[in-house]
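So you can see what is in the structure, the chains are spelled out below.
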Amino acid sequence: MIAPHSSASSASAPVPTVRKAVVPAAGLGTRFLPATKATPKEMLPVVDKPAIQYVVEEAAAAGLDDILMVTGRHKRAIEDHFDHAFELEQALAAKGDTVRLDAVRDPARLADIHHIRQGDPLGLGHAVLCARHHVGDQPFAVLLGDDLIDPRETLLSRMLEVRERYAGSVVALMEVPAEQVHLYGCAAVEPTGEDGVVRVTDLVEKPSREDAPSRYAVIGRYVLDPAIFPTLERTPPGRGGEIQLTDALQELAGDGTVHGVVFDGLRYDTGDKADYLRTVVRLACDRPDLGPEFVSWLKEFVTGLEDAAPAESEHENENGHESERFAA
């Protein structure tokens, strides 16, 4: 197995030449209905910030100051969130509430943020292709809004370092259990001699457990060479009838121009209900303003559940005996 690289221990990265990021945010969020009927899934709160703000903060922390959001219909709330809210700001300023005023202003100050609509939901590859005119012939990062990387990690900076050294495209890889490989694009890899960095030789989109080339799954962080655009243009619809970014990267991998950074740090999948709840709890526990009180309550709550379980079990047994008696 390839030794993973935990970005939390990464040295300070040099100033990257990559300055642009693309954030696809046009999905319908069907797994979170009815909450996402009128609210974009990217705007669901993780403690007190929408999930997509964590993603933009990650890009800005890595030095990416030009961000294009690829949205769809009914996503206006995303644009509004990263814009100024003058009436709200004036009201908070009049109250002298500087803490909330800064919190409201921060999203608009993170980066130079642009928006474009995907139009037709034709897949992640098509969403990336929509960014072509904005990106031009420059390398760029892609950050998926469902994948949150813990703010203490520096995965994206590490990927930018690898791009500087090897050129081509870079994907983030994470080893997952065999029973989960069908949920991801999976990579066949070979060592480069550098700890935590591999050369990707093949990619398969959501393979069966038997057909997976490895347990290295592609997670939602990419640094892409502009060569991806002509490749995407000739990539036919793949799994699900959509243009898959994985299929285009597979073609580039055949030329030896795709590398992977193996990540074993903290990642949260907010596209899954259970993982979304775990994300909220984990990040709330880590907050100095919320954590101590919340952790104390959480311990009491869990203890109450554990204490209640034996009593419920005894009650079930008593009911079971009564049922048997009546049946007899």
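Further up the page is the structure itself.
Only a predicted model underlies this, so the values are computations on that prediction, with no experimental measurement involved.

S.K.: Teacher, can you tell me more about the overall build of the protein here?
M.R.: Summing up its helical and strand segments, the protein has 11 helices and 13 strands in all. Evaluated residue by residue, the protein yields a buried proportion of 43% over its 328 residues. Across the protein, contacts joining residues at least 24 apart in sequence account for 77% of those joining residues at least 6 apart. For the protein, the accessible surface area stands at approximately 16800 Å², while carbon and sulfur atoms represent 53% of it.

S.K.: Looking at this structure, how should I read the nonpolar core?
M.R.: One broad rule of soluble globular proteins: the nonpolar side chains tend to lie buried together. Membership of the largest hydrophobic core comes to 42 residues, with the highest contact counts inside it found for I52, L64, I67, M69, L155 and V223. Counting residues per element, this core draws most heavily on helix α1 (residues 51-61), at 6 residues. Residues A131, L245, L252 and V262 belong to the second largest nonpolar core, which totals 31 residues.

S.K.: Teacher, can you tell me more about empty space enclosed by the protein here?
M.R.: To find leftover empty space, a probe the size of one water molecule is rolled over the atoms. Under the counting rule described, the total for this entry stands at 1 cavity of 30 Å³ or more. Surrounding the largest cavity, F32, K41, E42, L44, A51, G145, D146, T270 and Y276 form its lining.

S.K.: Which parts of the structure should I look at to understand the environment of L144?
M.R.: Mapped onto the elements of the fold, L144 is located in the loop between β6 (140-143) and β7 (147-149). The partly exposed category is assigned to L144, whose relative accessible area is 21%. For the pair L144 and A25, spaced 119 residues apart in sequence, the C-alpha separation works out to 7.7 Å. If sequence neighbours within four positions are ignored, L144 has contacts with P24, V55, L124, G220, R221 and Y222.

S.K.: What am I meant to see in the layout of surface pockets here?
M.R.: Empty space within the largest pocket amounts to approximately 1500 Å³. Lining the largest pocket are 50 residues, and of these R31, K41, L144, D146 and K206 lie nearest its centre. With 4 residues, strand β11 (residues 216-224) is the largest single contributor of residues to the lining of the largest pocket. Of the residues assigned to the lining of the largest pocket, the class counts are 20 nonpolar, 15 polar and 15 charged. Of the pockets and cavities examined, the second largest pocket occupies roughly 430 Å³.

S.K.: Would you take a moment to explain α1 for this structure?
M.R.: Residues spaced three or four apart along an α-helix face the same direction, because each turn holds 3.6 residues. Along α1, 8 of the 11 residues are buried, which leaves the element largely enclosed by surrounding structure. Among all positions of α1, only A51, I52, Q53, Y54, V55, V56, E58 and A59 are buried. Immediately downstream of α1, the backbone of G63 shows phi near 95°, a positive value.

S.K.: Explain the pairing of β11 to me, please; I cannot follow it from the model alone.
M.R.: Each regular strand displays side chains that alternate between the two surfaces of the sheet. Along β11, 9 of the 9 residues are buried, which leaves the element largely enclosed by surrounding structure. Alignment of β6 against β11, held across 4 bridges, turns out to be antiparallel. What sits directly across from V142, in β11, is Y222. Of the pairings in the sheet, the one linking strand β8 (residues 169-175) to β11 comprises 6 bridges and is antiparallel in character. Looking across to β11, one finds that L173 is bridged to V218. Summarising the sheet, strand β9 (residues 185-191) and β11 pair through 2 bridges and their orientation is antiparallel. Within the sheet, the bridge partner assigned to G185 lies in β11 and is V218.

S.K.: Explain a nonpolar patch on the surface here, please?
M.R.: On the surface, a nonpolar cluster with roughly 390 Å² of combined accessible area is contributed by W297, F301, V302 and L305. In this structure, L305 sits in helix α11 (residues 291-327).

S.K.: Is there a simple way to explain the packing of helix α3 (residues 86-95) against helix α4 (residues 98-109) in this structure?
M.R.: In helix packing, the relevant descriptors are the interaxial angle and the interaxial distance, both defined with respect to the helix axes. Where α3 meets α4, the axes come as close as 8 Å, and the angle between the chain directions of the two elements is 160°. Taken together, the axes of α3 and α4 lie roughly antiparallel to each other. Regarding α3 and α4, the two cross each other, and that crossing is left-handed. Where α3 abuts α4, its residues L88, E89, L92 and A93 lie against R100, L101, V104 and R105. Residues that form the contact of α3 with α4 fall into these classes: 5 nonpolar, no polar and 3 charged.

S.K.: Explain the side chain of T235 to me, please; I cannot follow it from the model alone.
M.R.: Looking at the secondary structure, you find T235 in the loop between α8 (228-233) and α9 (245-253). Classification of T235 as buried rests on a relative accessible area of 9%. Among the polar contacts made by the side chain of T235, one reaches the main-chain carbonyl oxygen of T231 at a distance of 2.6 Å. Those residues in contact with T235 that lie beyond four places of it in its chain are I243, Q244, D247 and A248.

Cut-offs and rules
- Residues numbered from 1 in each chain as written.
- Predicted model: local features only at pLDDT ≥ 70, side-chain atom pairs only at ≥ 80, totals over all residues.
- Heavy atoms only, no water.
- Helix = DSSP H or I, 4+ residues; strand = E, 2+ residues; numbered from the N terminus.
- Buried < 20%, exposed > 50% of the residue type's maximum accessible area, 1.4 Å probe, protein only.
- Contact = heavy atoms within 4.5 Å.
- Areas by Shrake-Rupley, 256 points an atom, 1.4 Å probe, with all protein chains shown as cover.
- Core = buried A, V, L, I, M, F, W, Y, C linked by side-chain atoms within 4.5 Å.
- 1 Å grid on protein atoms, 1.4 Å probe; cavity = no way out; pocket = protein on both sides within 12 Å on 5 of 7 lines; lining within 4 Å.
- Points joined across faces, edges and corners; volume = space filled by probe spheres on them.
- Nonpolar A, V, L, I, M, F, W, Y, C, P; charged D, E, K, R; others polar.
- Pairing = 2+ DSSP bridges.
- Patch = residues over 30% accessible without salt bridge, like charges linked within 9 Å, V, L, I, M, F, W, Y side chains within 5 Å.
- Salt bridge = Lys/Arg side-chain N within 4 Å of Asp/Glu carboxyl O.
- Axes fitted to C-alpha atoms, helices over the stretch in contact; angles between N-to-C directions.
- Parallel < 35°, antiparallel > 145°, perpendicular 65-115°, else oblique.
- Left-handed = near helix turned anticlockwise from the far one by under 90°.
- Polar contact = N/O pair within 3.5 Å; in protein donor to acceptor, adjacent residues only side chain to side chain.

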